[in-house]
Amino acid sequence: IHGRKATDVKREHEVEKKLARLDKQLGGLDRIESLKGKEMSGVVKATSNTGDWLYVEPTGSNELPVGVATIPSDSDFDLSKGDSCMIRLEGIDSSRGQLSFTVIST
């Protein structure tokens, strides 16, 4: 802890907790590797006020939890809470401890 800010230590602890919860939900984080690149439908649960990302819940038989979806900078997607979209699983966002998706179409 010496030489590190308290907020950084707290953030790292929160990420570790989220990764452990994600591991438990998925039955192992290695499952994500086998699904990486898979395209699926999802529903926007919340939008970001500060960035170009959304919270998206995958729908269908994948039984994946809500994750963070980025919107490509060259797209003109205008998504709001409750909108459906197509997403691609990119893996795990290790800085947030959540699934990482990319919005590919609306």
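As shown above, the structure is provided for reference.
By convention here, each chain's residues receive numbers from 1 onward along its written sequence. Side-chain atom pairs in this predicted model are given and counted only at pLDDT of 80 or more, local residue features only at pLDDT of at least 70, and totals for whole chains, interfaces and linings cover all residues. Excluding hydrogens and water, the side-chain figures rest on all heavy atoms present in the structure.

Caption draft 1: Representation of helix H1 (residues 6–26) within the structure. Compared with the 30 Å implied by 1.5 Å per residue over 21 residues, the 30 Å span of H1 between its first and last C-alpha is a close match. All of the buried residues in H1 are Val 15, Leu 22 and Leu 26. Buried residues of H1, viewed axially, fall in a sector of 25°; they line one side. Exposed residues pointing more than 90 degrees away from the buried face of H1 are listed as Ala 6, Lys 10, Glu 16 and Lys 24. The contact criterion used throughout is that any non-hydrogen atoms of two residues lie within 4.5 Å. Helix numbering and strand numbering both begin at the N terminus, where a helix is a DSSP run of H or I of at least 4 residues and a strand a DSSP run of E of at least 2. Taken together, the buried residues of H1 touch helix H2 (30–35), strand E4 (84–93) and strand E5 (98–105). Once H1 ends, the next one or two residues include Gly 27, with phi positive near 75°. Residue count minus one, scaled by 1.5 Å, sets the expected span of a helix. Accessible area is worked out with a 1.4 Å probe on protein chains only. A residue is then buried under 20% of its type maximum, exposed over 50%, and partly exposed in between. Arc definition: it is the arc formed by the directions from the helix axis to the C-beta atoms.

Caption draft 2: Just the sheet that holds strand E3 (residues 67–70), in detail. Pairing between two strands is assigned when DSSP locates at least 2 bridges connecting them. A barrel is described by the order of its strands in space; here 5 strands give the closed sequence E1-E2-E3-E5-E4, paired in mixed fashion. Within the sheet, the average angular offset between the axes of one strand and its neighbour, ignoring direction, is 55°. Bridge count for E4 against E5 is 7 bridges, and the pairing is antiparallel. Bridging across to E5, Leu 89 finds its partner in Phe 101. Lines fitted to C-alpha atoms define the axes here, with helix axes fitted over just the stretch in contact, and angles between the N-to-C directions of these axes take values from 0 to 180 degrees. In the packing of H1 onto the sheet, contacts are made with E4 and E5, and the angle to E5 comes to roughly 75°.

Caption draft 3: Region of interest: the environment of Leu 29. Mapping Leu 29 onto the fold places it in the loop between H1 and H2. Relative accessible area serves as the criterion here: at 28%, Leu 29 is assigned to the partly exposed category. Sequence separation between Leu 29 and Leu 19 is 10 residues, and the spatial gap between their C-alpha atoms is 8.5 Å. Excluding residues that lie within four positions of it along the chain, Leu 29 makes contacts with Leu 19, Leu 22, Asp 23 and Ile 92.

Caption draft 4: Main features of the pairing of strand E1 (residues 39–47). Where E1 lies against E4, 5 bridges are found, and the strand directions are antiparallel. What sits directly across from Val 43, in E4, is Ser 84. The pairing of E1 with strand E2 (residues 53–58) spans 5 bridges and is antiparallel. Bridge pairing in E2 places Ala 46 opposite Tyr 55. The antiparallel hairpin formed by E1 and E2 contains 5 residues in its connecting segment.

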